[in-house]
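Architecture at a glance
For reference, the chains in residue letters:
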Amino acid sequence: MAEVSFKGVKKIFPGGIVAVEEFNLEVHDKEFLILVGPSGCGKSTSLRMVAGLEEITDGEISIGGKVVNDVPPKDRDIAMVFQNYALYPHMTVYKNMAFGLKLRKYPKAEIDKRVQEAAQILGIPDLLDRKPKALSGGQRQRVAVGRAIVRKPKVFLFDEPLSNLDAKLRVQMRTEISKLHNRLETTMIYVTHDQLEAMTMGDRIVVMKDGRIMQVDDPITLYDHPKNLFVAGFIGSPPMNFIPGRLTSEGGAVFFGDGHIRVQLDERLLNGQVQGFMNRNVIFGIRPEDINDTQEVREIRPNTSVKAKVEVIEPVGSESIWYLSAGPATFIAKVNSHVRAEVNREKEIVFNVAKAHLFDPATESAIV
């Protein structure tokens, strides 16, 4: 069993810089867990504390039920894949992959067996005699992963392993690492700043900001039910639109408005908490894909259409990104590329209010 547990973990660097604070998390056996967030949020520091490369200021980390706070990195039964590959340039691929096993005095036959198996899994058996300088970025990353695989550790740690690759190769390597997890059935903790990577790879995602956990959930729950403004804006591309305004009641219906936009909220949004925000300021959130051209919508709900000026149109293949404005509010819509619109002209659009979100501007927490 290879669960990883964080209990009240804190990391303070010299000068009083708090990198990680009150970090509590249970990583399940065989789980693929993603730590995601902007640069400087503490995700890599959290990973390095698991590896033993950073000392813990306070709290407790355990691997497989054993507290490892004072256990040296080499004795933690983990393997780490770094952003910069960290390959020895004077060694061949074979020797790079075998080096860790050689240090641990494994028999030569066992080393060869493990290296050959890992090379087959990663599709690099023909590269074993080359040196890193003769490899592409993607090939070097496979070697770095292979060096981790041969160890057969309890836990794999990945620290932004794809950030140095081009866009096409990153997509390919995302798939390869996901397939590798399914094949090895090993606990993996993966750090990235790319929310698309996180959404496509993880069983669960930990969203971090300023050294704290904002939300831990599976990708779909994270996308559909963000707990606060930060998570809502970080997950999704293009990001969720946020429009400040007020809630009002009229004839038994509840409306959101900002003076230029006025839409009737869906009944599913009207829980008891919403009633407490009546005639108060709120932040209305809606994703670009939930804003449609009226011609695309077969059944338009009452009071959900808005007239907005089209500022910019960006065609992106099967879809187009529209940048819109209505009074002081600016927002983005993602629509079918066959839908026509003209820049600097008004367009009537519809908000899918069943998918809308409301946030408390004071606490930034989700109201619904």
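A short tour of the structure in this document, coming up. (Residues numbered from 1 in each chain as written. Predicted model: local features only at pLDDT ≥ 70, side-chain atom pairs only at ≥ 80, totals over all residues. Heavy atoms only, no water.)

Notes on the sheet that holds strand S14 (residues 281–286)
Ordered in space as S13-S12-S11-S14-S20, the five strands form an open sheet in which the pairing is antiparallel. With partners counted over all chains shown, the strands left at the sheet margins are strand S13 (262–264) and strand S20 (357–359), one partner each. Shown here is a sheet whose adjacent strand axes are inclined to one another by a mean of 40 degrees, direction ignored. In this sheet, S20 lies alongside S14 in antiparallel orientation, the contact comprising three bridges. Of the residues in S20, the one forming a bridge with Gly285 is His357. (Pairing = 2+ DSSP bridges. Helix = DSSP H or I, 4+ residues; strand = E, 2+ residues; numbered from the N terminus. Axes fitted to C-alpha atoms, helices over the stretch in contact; angles between N-to-C directions.)

A few points about the side chain of Glu197
Checked against the element boundaries, Glu197 lands in helix H6 (residues 195–201). Here Glu197 falls in the buried class, since its relative accessible area comes to 2%. Setting aside chain neighbours within four positions, we find Glu197 in contact with Leu162, Arg170, Arg174, Tyr190 and Thr192. (Buried < 20%, exposed > 50% of the residue type's maximum accessible area, 1.4 Å probe, protein only. Contact = heavy atoms within 4.5 Å.)

What to know about helix H4 (residues 137–149)
Between the first and last C-alpha of H4 there are 18 Å, a value that for 13 residues agrees with the 18 Å anticipated at 1.5 Å per step. Burial analysis of H4 places 10 of its 13 residues in the buried class, the great majority of the element. Looking at H4, one finds that the buried residues are Gly138, Gln141, Arg142, Val143, Ala144, Val145, Gly146, Arg147, Ala148 and Ile149. Elements in contact with the buried residues of H4: strand S6 (78–81), helix H2 (93–103), helix H3 (108–122), strand S7 (155–159) and helix H5 (167–184). (Expected span 1.5 Å × (residues − 1).)

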